[in-house]
Amino acid sequence: MKTSVFAAGLLAVTAMALPAQADKLDDIIASGTLRCAVVLDFPPMGSRDASNNPIGFDVDYCNDLAAALGVTAEIVETTFPERIPALMSGRVDVAVASTSDTLERAKTVGFSIPYYAFENAVVAREGVEMATWEDMKGKVVGATAGTYEAIWLEGKVKEWGEGEFRPYQTQADVFLALSQGQLDATVATVEVSEASGNFPGIKIVDKAPMVPDYVALITLREEYGLINYMNLFINQQVRTGRYAELYKKWVGEGEPANLTIQGVYR
Amino acid sequence: MFNYNFRWNQALNSLPQMLEGALVTMEIAILSMVIGISVAILLTLFRLSGNRLLYAIATTWVEIARNTPALFQIYMVHFGLGGFGIHLSPYLSLLIGIAFNNAGYLAENFRGALKAIPETQTRAARSLGMTPIQAFQNVILPQMLRISFLPMTNQMVWAILMTSLGAVVAMNTDLYGVTSDLNARTFRTFELFAIAAVIFYVITKVITLSARLLAARLFRY
């Protein structure tokens, strides 16, 4: 009798101690660290300062998310193509890395609601005759491999059936190629284009006629708890004015992009 | 913990595109070997010539090709020459970069092979009335190529694998370029790169095996 009561008590205590299947959100809070994949070759979203510390919009955004969760942030530098392996292999918890939320990619990773939206601009070499974006037809154009604008531009070149598309590995290489004359024009986010002043002999020509590039936070597809939290977090960032504050700090004066879309939910 | 569901069918749909990329990869590797072997023979001749300028050119080439990363060499062909207004397409940059690297390594292989050929053979050929060029061409060169044949297949394998470095000069039609482009679109990283790895493996295996068969036919005593 006594032993069975003891056994029942032991069982009850164990049942309470065992968590009801901890998910990623629990893991992050329990571990006290939020590991974010950030691309640090993409100013003003991510870059390094003079003493090599990660800085930028995405870095601050990760820090804010960590602060909301009550944990410390750890910035893990990745390239654009490395974001997914880093996530899948468990090296990072989320990617705060300007990831465009395409339907094709959503088959593989879990997207939050958009946290930023880019407009894209056509940037050309000064010697090249170019008045509108359509003058890119037949020219040698390029963009940063694996980005939304690269996928768009490659599609355009295929559609035109003339000219050449070149995907360089980094944004810096794209501008280097452009200022050397290896490329006639490129498409890059307005934010990046305006920061391209270090490279001589290139100029912004026109806006690229693309649907704005909505970018979202990503994590594993099945982590609904975390995705749910991130959605609310993004909403709060806008609501509290932190979004506008970060925009002013990293991008400049003016209005940050509207993250809602007229006439549809989410 | 590895959190990923493999979906092979989606990735396998891209196989035709990747095989096209594999063809470009093989084309570059083969062309770079043809150029590399020709230049390496020239560099070997430079080093044998006794002319100090030619010797210096050959030595510099070999030193740079062997002691700097291939990635750097390819990057310099594209952006280094680009700085001087010489614009090469990604394809040409990659081809020249790999050929440059091949030539350096092969020249060193040839030097080793030459050491294995007794000098008395040249003297014997000369005493038969051959000119120095004839002696090199008819007696030394065939043996040199035979001795260094297997190291050459090794270099060929390297050339194939080095094509993946074309990404730094915006090459997007070779096997690696096609794979990474597909990856950016679909995020099916693991399937796509696993398939690419298998294709690379098969190509290098086929090349080494056929080189062995070729060697068995060419070098019958």
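Residues numbered from 1 in each chain as written. Chains lettered and ligands numbered in written order. Predicted model: local features only at pLDDT ≥ 70, side-chain atom pairs only at ≥ 80, totals over all residues.

Caption draft 1: Seen up close, the interface of chain A and chain B. Across the contact, 23 residues belong to chain A and 23 residues belong to chain B. Those elements giving two or more residues to the side of chain A that touches chain B turn out to be helix 4 (83-88), helix 5 (103-106), strand 9 (164-168) and helix 7 (171-180) of chain A. Here the residues of the side of chain A that touches chain B are counted per class, giving 11 nonpolar, 9 polar and 3 charged. (Contact = placed C-beta atoms within 7 Å. Helix = DSSP H or I, 4+ residues; strand = E, 2+ residues; numbered from the N terminus. Nonpolar A, V, L, I, M, F, W, Y, C, P; charged D, E, K, R; others polar.)

Caption draft 2: Region of the structure containing the environment of A:Val94. Residues and elements named next belong to chain A. Tracing the backbone through its elements, the reader meets Val 94 in strand 5 (residues 94-100). Val 94 gets classed as buried once you count the C-beta atoms within 10 Å, which come to 26. Taking the C-alpha atoms as reference, Val 94 lies 7.9 Å from Leu 220; in sequence the two are 126 residues apart. If near-sequence neighbours (up to four positions away) are discounted, Val 94 is found in contact with Cys 36, Leu 217, Ile 218 and Thr 219. (Buried ≥ 20, exposed ≤ 12 C-beta atoms within 10 Å, placed from the backbone.)

Caption draft 3: Quick look at the domain arrangement of chain A. All names here are of chain A. When its domains are assigned, chain A resolves into domain 1 (22-118 + 214-250) and domain 2 (120-207). Measuring from the centre of the C-alpha atoms in domain 1 to the corresponding centre in domain 2 gives 27 Å. The interface of domain 1 with domain 2 comprises 8 residues on the first partner and 12 residues on the second. Within the side of domain 1 that touches domain 2, the residues separate by chemical class into 6 nonpolar, 1 polar and 1 charged. (Domains from an automatic or database assignment.)

Caption draft 4: Highlighting helix 3 (residues 57-69) of chain A. All names here are of chain A. Relative to the 18 Å expected for 13 residues at 1.5 Å per residue, helix 3 spans 18 Å between its end C-alpha atoms, a close match to the ideal helical length. Phe 57, Asp 58, Val 59, Asp 60, Tyr 61, Cys 62, Leu 65 and Ala 66 are the residues of helix 3 that are buried. At the C-terminal side of helix 3, Gly 70 shows a positive phi close to 75°. (Expected span 1.5 Å × (residues − 1).)

Caption draft 5: Here's a closer look at the sheet that holds strand 6 (residues 109-118) of chain A. All names here are of chain A. Here we have 5 strands laid out as an open sheet, ordered 4-1-5-12-6, and mixed in their pairing. The open sheet has two free edges, formed respectively by strand 4 (72-77) and strand 6, since each of these has just one partner strand. Each strand axis lies, on average, 30° off the axis of its neighbour in the sheet, ignoring direction. Examined bridge by bridge, strand 1 (residues 33-38) and strand 5 share 2 bridges and lie parallel to one another. By the bridge assignment, Cys 36 is partnered in strand 5 with Val 94. Packed on one face of the sheet, helix 3 meets strand 1, strand 4, strand 5 and strand 6 and runs near 160° to strand 1. (Pairing = 2+ DSSP bridges. Axes fitted to C-alpha atoms, helices over the stretch in contact; angles between N-to-C directions.)

Caption draft 6: Quick look at the environment of A:Val123. With respect to the element layout, A:Val123 can be found in strand 7 (residues 120-125). The spacing of A:Val123 and A:Tyr265 is 142 residues in sequence and 34 Å in space, taken between C-alpha atoms.

Caption draft 7: Quick peek at the packing of helix 4 (residues 70-82) of chain B against helix 5 (residues 90-115) of chain B. Residue and element names in this part refer to chain B. Remark: helix 4 packs on helix 5, axes separated minimally by 8 Å, with the N-to-C direction vectors making an angle of 135°. For the element pair helix 4 / helix 5, the angle class is oblique. Considering only the axes of helix 4 and helix 5, their crossing is right-handed. Touching Ala 70, Gln 73, Ile 74, Val 77 and His 78 of helix 4 are Ser 93, Leu 94, Ile 96, Gly 97, Phe 100 and Asn 101, all from helix 5. Residues belonging to the contact of helix 4 with helix 5 are distributed by class as follows: 6 nonpolar, 5 polar and no charged. (Parallel < 35°, antiparallel > 145°, perpendicular 65-115°, else oblique. Left-handed = near helix turned anticlockwise from the far one by under 90°.)

Caption draft 8: Local environment of the nonpolar core. Residues A:Val122, A:Val123, A:Ala185, B:Ala103, B:Leu106 and B:Ala107 are the most contacted members of the largest nonpolar core, which totals 78 residues. For this core, the leading source of residues is helix 5 of chain B, giving 11 residues. Non-local contacts of A:Val123, meaning those with residues more than four positions away in its chain, are made with A:Leu178, A:Ala185, A:Thr186, A:Ala188, A:Ser193, A:Ser196, A:Ile202, A:Lys203, A:Ile204 and A:Val205. Judged by nonpolar contacts, the second largest core, of 46 residues, contains A:Val38, A:Val109, A:Tyr116 and A:Trp250. (Core = buried A, V, L, I, M, F, W, Y, C linked by C-beta atoms within 7 Å.)

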